Amino acid sequence: MRTKIVAGNWKMNKTFEEADTLIYDILDLLEERGKPEEVDVIICPPFIYLELAGDITEDSPVFVGAQNVSEYESGAYTGEISAPMLRSMHIDFAIIGHSERRKYFSETDDELLAKAKTALKHDIAPIFCCGELLEEREAGKHFKIVKQQLEQTIFKLDAEDFARVIIAYEPVWAIGTGVNATSEQAQEMHFYIRELVWQKYGAEVAAEITILYGGSCNAKNAKELFSMPDVDGGLIGGASLKAEEFVQIILAAGE
Ligand code: PGA
């Protein structure tokens, strides 16, 4: 069975004290309610809190991920954080290709592929985001766009590397808007992505690859979204900033 995952993308939120409190609150609630064994939990705080998060979660079942990673391994790239640096901090995951990075920081498909390759080389699993804009969905182009996004990036990886990637389908119109994709919309896209993976990498890889849904996923809609056969959990933004709600989403993934 493929792994179910609930990952929290904190984006650029929380001060040091708030981050500290949130992590302890998540751990306390998970201990109290019991983390579902089949669900992996990942928190992705801003870079400067990775050490804190790593220390607090050390003896817990919660993993820590980064929100980005450089495509370069070292050198004169002011302000960047490399995969070897993350590895040296025991970080196991990095979000790559989030639509906010594509939009506000002009990250291109070539850069995203380079980031995925560098991360994998240093044993960091990419949580690779894809998803269409509202106008693309309204024009009926959503399948075509997602296919292109995958073909121009992670579908260029060899099978061994690709099998270590986690895909996150995040329709851009659903991110931070309060308008989530319906469970049917999520399922049909996840099924489509799994079919593309099957065509490219074969049945075994397609059956095992984890495909997360992201975009206004919250404690109210998580259960229904996660009940879809090809939705293997979620990448959660706003709702991962509140311990109670985030833990409810984790529990929903285990139901
Ligand atoms: P949201 O963000 O849950 O706040 O919509 C999801 C994401 O951007 O990963």
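Whatever comes next refers back to the structure up there.
Conventions used here
- Residues numbered from 1 in each chain as written.
- Predicted model: local features only at pLDDT ≥ 70, side-chain atom pairs only at ≥ 80, totals over all residues.
- Heavy atoms only, no water.
- Salt bridge = Lys/Arg side-chain N within 4 Å of Asp/Glu carboxyl O.
- Buried < 20%, exposed > 50% of the residue type's maximum accessible area, 1.4 Å probe, protein only.
- Near = heavy atom within 4 Å.
- Polar contact = N/O pair within 3.5 Å; in protein donor to acceptor, adjacent residues only side chain to side chain.
- Areas by Shrake-Rupley, 256 points an atom, 1.4 Å probe, with all protein chains shown as cover.
- Nonpolar A, V, L, I, M, F, W, Y, C, P; charged D, E, K, R; others polar.
- Helix = DSSP H or I, 4+ residues; strand = E, 2+ residues; numbered from the N terminus.
- Pairing = 2+ DSSP bridges.
- Patch = residues over 30% accessible without salt bridge, like charges linked within 9 Å, V, L, I, M, F, W, Y side chains within 5 Å.
- Lys, Arg positive; Asp, Glu negative; His and termini not counted.
- Charge placed at Lys NZ, Arg CZ, Asp CG, Glu CD.
- Expected span 1.5 Å × (residues − 1).
- Arc of directions from axis to C-beta.
- Contact = heavy atoms within 4.5 Å.
- Axes fitted to C-alpha atoms, helices over the stretch in contact; angles between N-to-C directions.
- Core = buried A, V, L, I, M, F, W, Y, C linked by side-chain atoms within 4.5 Å.
- Phe/Tyr/Trp six-rings, centres within 6.5 Å; stacked < 30°, edge-to-face > 60°.

Trainee: Which parts of the structure should I look at to understand the pattern of salt bridges?
Mentor: Any two side chains of opposite charge can pair if their charged atoms end up close together. According to the stated counting rule, one finds 18 salt bridges in the structure shown. Note that Lys115 and Glu107 form a salt bridge whose closest N and O atoms lie 3.0 Å from each other. As far as burial versus exposure is concerned, Lys115 and Glu107 are alike and both buried.

Trainee: Looking at this structure, I do not really get the site of the ligand. What am I missing?
Mentor: Inspection of the region around the ligand gives 13 residues, with Lys11, His98, Glu170, Gly176 and Ser216 positioned closest. A distance of 2.6 Å separates an oxygen atom of the ligand from a polar side-chain atom of His98. A distance of 2.8 Å is found between an oxygen atom of the ligand and a backbone nitrogen or oxygen belonging to Gly238. For the ligand, the accessible surface in isolation is 290 Å², of which the surrounding protein chains cover 95%. Of the residues contributing to the shell around the ligand, the split by class is four nonpolar, seven polar and two charged.

Trainee: Hey, could you run me through the pairing of strand E3 (residues 62-66) in this one?
Mentor: Strand residues, when the strand is regular, have side chains that alternate between the two faces of the sheet. Of all five residues in E3, four are buried, a share of seventy percent or more. By the bridge criterion, three bridges tie strand E2 (residues 39-44) to E3 in an arrangement that is parallel. Directly across from Val41, in E3, lies its bridge partner Val62. Here E3 pairs with strand E4 (residues 93-96) via two bridges, running parallel. Residue pairing across strands places Gly65 opposite Phe93, the latter belonging to E4.

Trainee: How should a negative patch on the surface be read in this particular structure?
Mentor: On the surface, Glu51, Asp55, Glu58 and Asp59 cluster together into a negatively charged patch. Mapped onto the elements, Glu58 comes out in the loop between helix H2 (50-57) and E3.

Trainee: Is there a simple way to explain helix H1 (residues 16-33) in this structure?
Mentor: Taking 1.5 Å as the rise per residue, H1 with 18 residues should run 26 Å; its terminal C-alpha atoms sit 26 Å apart, in good agreement. Listed in full, the buried residues belonging to H1 are Ala19, Leu22, Ile23, Ile26, Leu27, Leu29 and Leu30. Take H1 and look down its axis: the buried residues cluster within an arc of 165°, on one side only. Across H1 from its buried face, at more than 90 degrees, point the exposed residues Glu17, Glu31 and Glu32. Buried-residue contacts for H1 involve E2, H2, E3 and helix H12 (243-253).

Trainee: For this particular structure, what's the right way to read the sheet that holds strand E8 (residues 233-236)?
Mentor: An order of E1-E2-E3-E4-E5-E6-E7-E8 is seen for the eight strands of this closed barrel, with the pairing classed as parallel. On average, each strand axis in the sheet is inclined to that of its neighbour by 30°, with strand direction left out of account. Relative to strand E7 (residues 211-214), strand E6 (residues 166-169) is paired through three bridges, and the arrangement is parallel. Each bridged residue has a counterpart across the sheet, and for Ala168 the counterpart in E7 is Leu212. Sheet strands touched by helix H9 (residues 183-201): strand E5 (125-130), E6 and E7. Its angle to E7, the strand with the most contacts, is close to 150°.

Trainee: Quick question: what am I supposed to make of the side chain of Ser216 here?
Mentor: Relative to the helices and strands, Ser216 resides in the loop between E7 and helix H11 (222-226). Ser216 gets classed as buried once you look at its relative accessible area, which sits at 17%. Beyond its immediate stretch of four places on either side in the chain, Ser216 contacts Ala174, Gly176, Thr177, Gly178, Val179, Asn180 and Asn221.

Trainee: Would you mind showing me how to read the nonpolar core here?
Mentor: Across soluble globular proteins, you tend to see nonpolar side chains buried next to one another. Ile154, Phe162, Ile167, Ile193, Val197 and Phe226 are the most contacted members of the largest nonpolar core, which has 74 residues in total. In this structure, Ile42, Phe93, Ile95 and Ala125 belong to the second largest nonpolar core, which totals 13 residues.

Trainee: How should I be thinking about the environment of His190 in this particular structure?
Mentor: Note on placement: His190 falls in helix H9. Distance from His190 to Ala163, taken between C-alpha atoms, is 16 Å for residues 27 residues apart in sequence. If near-sequence neighbours (up to four positions away) are discounted, His190 is found in contact with Tyr169, Ile211, Leu212, Tyr213, Asp230 and Val231. Among the polar contacts made by the side chain of His190, one reaches the main-chain carbonyl oxygen of Asp230 at a distance of 3.0 Å.

Trainee: Is there a simple way to explain the packing of aromatic side chains in this structure?
Mentor: Each aromatic ring pair is characterised by the separation of its centres together with the angle its planes make. Taken as a whole and judged by the stated rule, the model has eight aromatic pairs. Ring centres of Tyr72 and Tyr77 lie 3.9 Å apart, and the angle between their planes is 5°; this geometry places the pair in the stacked category. Summarising the aromatic geometry, the rings of Phe155 and Phe162 are spaced 5.6 Å apart at their centres and angled 70° between planes, so their arrangement reads as edge-to-face. The burial state of Phe155 is the same as that of Phe162; both residues are buried. Three or more aromatic residues joined by ring pairs form one cluster here, namely Phe155, Phe162 and Tyr201.

Geometry only, nothing functional implied.
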